[in-house]
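A closer look at the structure
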Amino acid sequence: MERFRIATLQVEQLLAKRARLEAERDGVSALSVSSGGFSASSMPDDDIAASSIPFRLSEANEGIGAETSVATESTILRAEQARRRLQEKEIGLRVAAARNEVEVLKHKLDQFTIQKDLRTERLVAMQQLKDRGVETSNNVLVLRTDLADIEARRQDSLVAVAGAEARLAVVEEEGSKLTLDYMADLAKEIEATNKEIGEAQEAVISAKAMATILLRSNDQSLERSAYDIVRQSKDGAKKLAATETSPLMPGDVLKVTRGESAAIDARSAATSP
């Protein structure tokens, strides 16, 4: 009976654990228990549509212990969901920072491109003036140097933008991988829990069957056994009806009768004077 009680409690706890794991997997925010079993459902203010995940309890599991299991798993559920939200928030902030960096660098690159175009137009104009003898070669050379410097900085900006986009891709990939790993871990844990539930349920059935067999065997033994004491006296041997608590004397012989004859002997002993 003790093995039966422990296995029953284990099944109850495992069912609550599975309800919590599937609630995490499906984005459900609350667990509950009723006479029919465990369930997980969304709260009214959730963005996720309300859903229900029922878990039938065996008749041995229906009791106040279910509320304790649900309370424990609900605490774990809230903690895990809070941890998950923090992880998602951290990834979100990193993604936002990487995207902002990309936008800033792209804006800077656009500015260099505009400056390059203006310097190129000016260089063309100065070259025409130089050809007519209005502008000196020195001024054209200075402008060419300035244009080359702008082009070098624009190329640096191109490299910086490429690096920022690569970092953004890495952070976004980390977010996707975090979600995939989280769901994979939940699936593995649910599978392991289902296996543990099956083993615990087998233990419940085995212990209950063994307890029933032993109890039935004990009851049959008590109902179908009759006791007689054969005691020697000066008048010879006498047979006295007895019970399990009858005292024995030195030299007594105890006769134990089992089966159908035991019931007849018991009735005879009860009616004899």
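Data block above holds the structure.
All values derive from a computational prediction rather than experimental measurement.

1. What about the packing of aromatic side chains?
In this description, a pair of aromatic rings is defined by centroid distance and the angle of the planes. Inspection of every chain in the model, using the stated rule, returns zero aromatic pairs. Taking NZ or CZ as reference, R84 lies 4.5 Å from the ring centre of Y182, over its face.

2. Let's talk about the nonpolar core
Counting residues in hydrophobic clusters, the biggest one holds ten residues: I91, V95, A98, V102, L105, L109, V161, A164, L168 and V171. Counting only elements with at least two residues in this core, the list comes to helix 2 (65-131) and helix 3 (137-223). If you tally residues by element for this core, the top one is helix 2, at six residues. Those residues in contact with V171 that lie beyond four places of it in its chain are I91, R94 and V95. Counting residues in hydrophobic clusters, the runner-up holds nine residues, among them F4, A7, L15 and V204.

3. So, the side chain of T193
In this structure, T193 sits in helix 3. Look past the residues within four positions of T193 in its chain and what remains in contact with it is L14, K17, R18 and L21.

4. Re a nonpolar patch on the surface
On the surface, L248, L254 and V256 cluster together into a nonpolar patch covering about 260 Å² of accessible area. Inspection of the secondary structure puts L254 in strand 6 (residues 253-258).

5. Observations regarding the pattern of salt bridges
Enumeration according to the criterion identifies 18 salt bridges in this entry. E24 is the salt-bridge partner of R20, the closest N and O atoms lying 2.9 Å from each other. Placement of the pair is R20 and E24 together in helix 1 (residues 2-26), with a separation of four residues, close to one helical turn. The exposure class assigned to R20 is buried, which follows from its relative accessible area of 8%. Under the relative-accessibility criterion, E24 is labelled buried at 7%. A cluster of three or more residues bridged by salt bridges with shared partners is formed by R20, E24 and E73.

The rules we used
Residues numbered from 1 in each chain as written. Predicted model: local features only at pLDDT ≥ 70, side-chain atom pairs only at ≥ 80, totals over all residues. Heavy atoms only, no water. Phe/Tyr/Trp six-rings, centres within 6.5 Å; stacked < 30°, edge-to-face > 60°. Lys NZ or Arg CZ within 6 Å of the ring centre and 35° of its normal. Core = buried A, V, L, I, M, F, W, Y, C linked by side-chain atoms within 4.5 Å. Buried < 20%, exposed > 50% of the residue type's maximum accessible area, 1.4 Å probe, protein only. Helix = DSSP H or I, 4+ residues; strand = E, 2+ residues; numbered from the N terminus. Contact = heavy atoms within 4.5 Å. Patch = residues over 30% accessible without salt bridge, like charges linked within 9 Å, V, L, I, M, F, W, Y side chains within 5 Å. Areas by Shrake-Rupley, 256 points an atom, 1.4 Å probe, with all protein chains shown as cover. Salt bridge = Lys/Arg side-chain N within 4 Å of Asp/Glu carboxyl O.

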